[in-house]
Amino acid sequence: MKANKKRAAAFAVLALAVVAACLFLRWQGGDGETKEPQQVKGGTSEERLAYLTGFGWQVEPEPAETREVMIPREFNDVYKNYNAMQQAQGFDLAPYSGQVVTQYKYLITNYPDETEVYATLLVYGEVIIGGDVACGKVDGFMHGFAKDSARYGEVTPAPDSQSAESASSYVNSSAVESSQVESSAEESADASMESSAVSQVQQEEGAEDAGAVPEDAWPTD
């Protein structure tokens, strides 16, 4: 009988412990819903300046450069390194591959011992999706927004990773602009129309003239 009472008491204590653990976990999890990551707003000048000020940077109120660029559809080694740096500071450009974003470049006026340093923000819609702080000098550098954040090439460097200065030039200057994309599309459409017109003329002139200019000699895209 005493053994049975001891077992019953032990079972009761165990049951209470399980109930207490469940209540604790429920309290820790709140209502049990998974909260969405907070998005960084950057649709207005005030929001962008406030974001950079939050890292301790003093910048010129007007951007030195504003333009639209396209995030590459496929990342080469330079962009893989750049995105690794973005991921280290909580961003990821992969979901925006092939999308046109707005690039804002601000001159930082209080960077220690440097005068030619810019903060670049990439904004999609009204949300900041990435960016960097980079020195424009030949032997320059590039890192995330925070002063102690990862530098370019320090996170999962690619086999043929380039210098921070050349990476900055590629990311901030060599990205395909939206106007170039539109121009390319128009040229492609014009070439396709020209090809179709030439093909129709050849068919109307007859077989004796069609052989002079093969149809497959014209671009189709």
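Nothing here was measured: the structure is a model prediction, and the numbers come from that model.

Draft legend 1. Main features of the packing of aromatic side chains. Counted under the stated rule, the structure contains 9 aromatic pairs. Measuring from centroid to centroid gives 5.6 Å for Tyr79 and Tyr82, while their planes differ by 65 degrees, and the two rings are edge-to-face. Residue Tyr79 and its partner Tyr82 are located together in helix 3 (residues 77–88), separated by 3 residues, close to a single helical turn. With relative accessibility at 3%, the residue Tyr79 sits in the buried group. Members of the aromatic cluster, connected to one another through ring pairs, are Tyr51, Phe55, Phe91 and Phe145. Across the ring face of Tyr104, the terminal group of Arg48 is positioned such that the distance to the ring centre comes to 3.7 Å.

Draft legend 2. Spotlight on the pattern of salt bridges. By the definition in use, this model includes 2 salt bridges. In this structure, Glu65 engages Arg67 in a salt bridge whose closest nitrogen and oxygen atoms are separated by 3.4 Å. A salt bridge links Glu114 to Lys137; the shortest N-O distance between them is 3.3 Å. Of the two residues, Glu114 sits in the loop between strand 2 (100–108) and strand 3 (117–124) while Lys137 sits in the loop between strand 4 (127–135) and strand 5 (142–143), which places them 23 residues apart along the sequence. Judged by relative accessible area, which is 23%, Glu114 ranks as partly exposed. The exposure class assigned to Lys137 is partly exposed, which follows from its relative accessible area of 34%.

Draft legend 3. Here's a closer look at the pairing of strand 4. Counting buried residues in strand 4 gives 9 out of 9 residues, a clear majority hidden from the surface. Bridge count for strand 3 against strand 4 is 8 bridges, and the pairing is antiparallel. Bridge pairing in strand 4 places Val123 opposite Ile128. Counted between consecutive antiparallel strands, the loop separating strand 3 from strand 4 contains 2 residues, among which Gly125 sits at a positive phi close to 70 degrees. When strand 4 meets strand 5, the two strands line up antiparallel, connected through 2 bridges. Residue pairing for strand 5: Val133 is matched across the bridge by His143. As consecutive antiparallel partners, strand 4 and strand 5 are separated by 6 residues.

Draft legend 4. Local environment of helix 3. A rise of 1.5 Å per residue sets the reference length of helix 3, with its 12 residues, at 16 Å; its end C-alpha atoms lie 17 Å apart and thus fit the reference within 8%. When we look at burial in helix 3, the residues that qualify are Val78, Tyr79, Asn81, Tyr82, Asn83, Ala84, Met85 and Gln86. With a side-chain oxygen positioned 3.2 Å from the backbone nitrogen of Val78, the residue opening helix 3 is Asn76. Just beyond helix 3, the residue with positive phi is Gly90, at close to 95 degrees.

Draft legend 5. Geometry of the sheet that holds strand 3. Taken together, 5 strands build an open sheet; the order of strands is 1-2-3-4-5 and the sheet is antiparallel. This sheet does not close on itself; its edge strands, each paired only once, are strand 1 (65–70) and strand 5. As defined by bridge partners, strand 2 adjoins strand 3 across 7 bridges and the pair is classed as antiparallel. Of the residues in strand 3, the one forming a bridge with Thr102 is Val123. Running over the sheet, helix 2 (residues 45–53) touches strand 2, strand 3 and strand 4 and is turned about 130 degrees from strand 3. Strands strand 3, strand 4 and strand 5 of the sheet are contacted by helix 3, whose axis makes an angle of about 110 degrees with strand 4.

Draft legend 6. Examining the nonpolar core more closely. Formed by 18 residues in total, the largest nonpolar core has its most connected members in Leu52, Ile108, Leu121 and Val133. Sorting the residues of this core by element identifies helix 2, strand 2, strand 3 and strand 4 as the ones contributing at least two each. With 4 residues, the top contributor of residues to this core is strand 3. Within the second largest apolar cluster, 14 residues are counted, among which are Val69, Phe75, Val78 and Leu93.

Definitions and limits used
- Residues numbered from 1 in each chain as written.
- Predicted model: local features only at pLDDT ≥ 70, side-chain atom pairs only at ≥ 80, totals over all residues.
- Heavy atoms only, no water.
- Phe/Tyr/Trp six-rings, centres within 6.5 Å; stacked < 30°, edge-to-face > 60°.
- Helix = DSSP H or I, 4+ residues; strand = E, 2+ residues; numbered from the N terminus.
- Buried < 20%, exposed > 50% of the residue type's maximum accessible area, 1.4 Å probe, protein only.
- Lys NZ or Arg CZ within 6 Å of the ring centre and 35° of its normal.
- Salt bridge = Lys/Arg side-chain N within 4 Å of Asp/Glu carboxyl O.
- Pairing = 2+ DSSP bridges.
- Expected span 1.5 Å × (residues − 1).
- Polar contact = N/O pair within 3.5 Å; in protein donor to acceptor, adjacent residues only side chain to side chain.
- Contact = heavy atoms within 4.5 Å.
- Axes fitted to C-alpha atoms, helices over the stretch in contact; angles between N-to-C directions.
- Core = buried A, V, L, I, M, F, W, Y, C linked by side-chain atoms within 4.5 Å.

Keep in mind that these numbers describe shape and distance, not what the molecule does.
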